Amino acid sequence: REDFEWLLRELMAEGGDGTICTAQLLAGTDDGELEAAFRRESEAEYAQIERDAGAGMSPDRLKRRLEAVMQNDFFEAPGRAAAERAIAQEPRAGDAPKGEVWVTRSGVYVDRMASAWLIRRFIDPAARFKFVADRNYRAAPGELRFDMFGGEYTHDGDHCTFETLLARFGLDDPALAAIGEIVHDIDLKEERYRRKETAGVESVLRGITVQAADDTDRLARSGALFDGLYAQLTAIGGGE
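Participant: What exactly am I supposed to notice about unusual backbone geometry here?
Facilitator: Despite not being glycine, Asp 147 shows a phi value in the positive range, around 50°. Relative to the helices and strands, Asp 147 resides in the loop between β3 (143–145) and α6 (161–168). Asp 147 gets classed as buried once you look at its relative accessible area, which sits at 5%. Unusually for a residue other than glycine, Arg 194 sits at a positive phi of about 50°. On the basis of relative accessible area, Arg 194 is assigned to the exposed category, the value being 63%.

Right under this line is the structure:
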């Protein structure tokens, strides 16, 4: 109410006019039920932020999400404090995922194919993959989302998901960095790195999507491609 009163004063000072009114619920839902619904929604958002912080998502992204939730948290849901603490906590070394369920959008292509290969080969060898059609899918406990909206591991700034994974897990390998450049240019439709391998890799991945409709099959076929590409790039030290 105080905020609206200040706003009304500013409008009137500029020659405008306005009215402040209140609404009363008469049937269906009472004030207490409405307040509880708002709190449940905010609490769920805070809990998801806390899980994402524990999974290593970028603190800057989480802070922006937290600010957005707080703007609609009119009744101060108790999970806010825990979410703030989780974002402020420094990630611990050695907390790499182990045997997690990694969720991504169905119909996998370039970035999802490459990221799945990277996850299983260098991050979580026992990883299991789950494919969902819902782009706004919310992770269940024990699940990590990648290359999808709101995911724990996805595009960050001008980085594709593969590059985000390299940075988040400290994978400092010239051959992997080179693959990241290839994936970046294909996925973001750019010519930033102009690596000679890019056009060939894109052609092979397109062929895989034509031959294989099943996502698990696509990962198996593209995984063999990335295994060979990694071996070749390692032999030349990443190359130019």
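Participant: Sorry if this is basic, but what is going on with the environment of Asp 124 here?
Facilitator: Its place among the elements puts Asp 124 in the loop between α5 (110–123) and β2 (128–132). Of the residues examined, Asp 124 reaches a relative accessible area of 1% and is grouped as buried. Spatially, the C-alpha atoms of Asp 124 and Ala 96 are 7.3 Å apart, while their sequence positions differ by 28 residues. Excluding residues that lie within four positions of it along the chain, Asp 124 makes contacts with Pro 97, Lys 98, Gly 99, Glu 100, Trp 102 and Ile 119. A polar contact is formed between the side chain of Asp 124 and the backbone nitrogen of Glu 100, at a distance of 3.0 Å.

Participant: For this particular structure, what's the right way to read the packing of aromatic side chains?
Facilitator: Scanning the entire structure with this criterion turns up 10 aromatic pairs. Taken together, the aromatic side chains of Trp 102, Phe 129, Phe 146, Tyr 153 and Phe 169 make up a single cluster linked through ring pairs.

Participant: I'm lost on the layout of surface pockets in this one. Help?
Facilitator: Rolled over the atoms, a probe sized like a water molecule indicates the empty space that remains. Reported here for the second largest pocket is a volume of approximately 490 Å³. Looking at the lining of the second largest pocket, the elements with two or more residues in it are α1 (2–13) and α2 (31–54). Sort the elements by how many residues they give to the lining of the second largest pocket and α2 lands first, with 4 residues.

Participant: I keep staring at the packing of helix α8 (residues 198–211) against helix α9 (residues 215–235) and nothing clicks. Help me out?
Facilitator: In a packed pair of helices, the relevant descriptors are the angle between the two axes and the axis-to-axis distance. Interhelical geometry of α8 versus α9 gives an angle of 160° and a closest axis separation of 9 Å. Between α8 and α9, the interaxial angle falls into the category roughly antiparallel. At the point where α8 passes α9, the crossing takes the right-handed sense. Seen from α8, the contacting residues are Val 201, Val 204, Leu 205, Ile 208, Thr 209 and Gln 211; seen from α9, they are Arg 218, Arg 221, Ser 222, Leu 225, Phe 226 and Leu 229. Across the contact of α8 with α9, the residue classes tally to 7 nonpolar, 3 polar and 2 charged.

Participant: Got a minute to help me understand the sheet that holds strand β1 (residues 101–105) in this structure?
Facilitator: Pairing between the strands of a sheet is mediated by backbone hydrogen bonds and can be parallel or antiparallel. A sheet is described by the order of its strands in space; here 3 strands give the open sequence β2-β1-β3, paired in parallel fashion. Whereas interior strands pair on both sides, the edge strands pair on one side only; in this sheet they are β2 and β3. Neighbouring strand axes in the sheet, compared pairwise and without regard to direction, differ in orientation by 30° on average. The pairing of β1 with β2 spans 5 bridges and is classified as parallel. The residue bridging Val 101 from the neighbouring strand is Arg 128, located in β2.

What counts and how
- Residues numbered from 1 in each chain as written.
- Predicted model: local features only at pLDDT ≥ 70, side-chain atom pairs only at ≥ 80, totals over all residues.
- Heavy atoms only, no water.
- Helix = DSSP H or I, 4+ residues; strand = E, 2+ residues; numbered from the N terminus.
- Buried < 20%, exposed > 50% of the residue type's maximum accessible area, 1.4 Å probe, protein only.
- Contact = heavy atoms within 4.5 Å.
- Polar contact = N/O pair within 3.5 Å; in protein donor to acceptor, adjacent residues only side chain to side chain.
- Phe/Tyr/Trp six-rings, centres within 6.5 Å; stacked < 30°, edge-to-face > 60°.
- 1 Å grid on protein atoms, 1.4 Å probe; cavity = no way out; pocket = protein on both sides within 12 Å on 5 of 7 lines; lining within 4 Å.
- Points joined across faces, edges and corners; volume = space filled by probe spheres on them.
- Axes fitted to C-alpha atoms, helices over the stretch in contact; angles between N-to-C directions.
- Parallel < 35°, antiparallel > 145°, perpendicular 65-115°, else oblique.
- Left-handed = near helix turned anticlockwise from the far one by under 90°.
- Nonpolar A, V, L, I, M, F, W, Y, C, P; charged D, E, K, R; others polar.
- Pairing = 2+ DSSP bridges.

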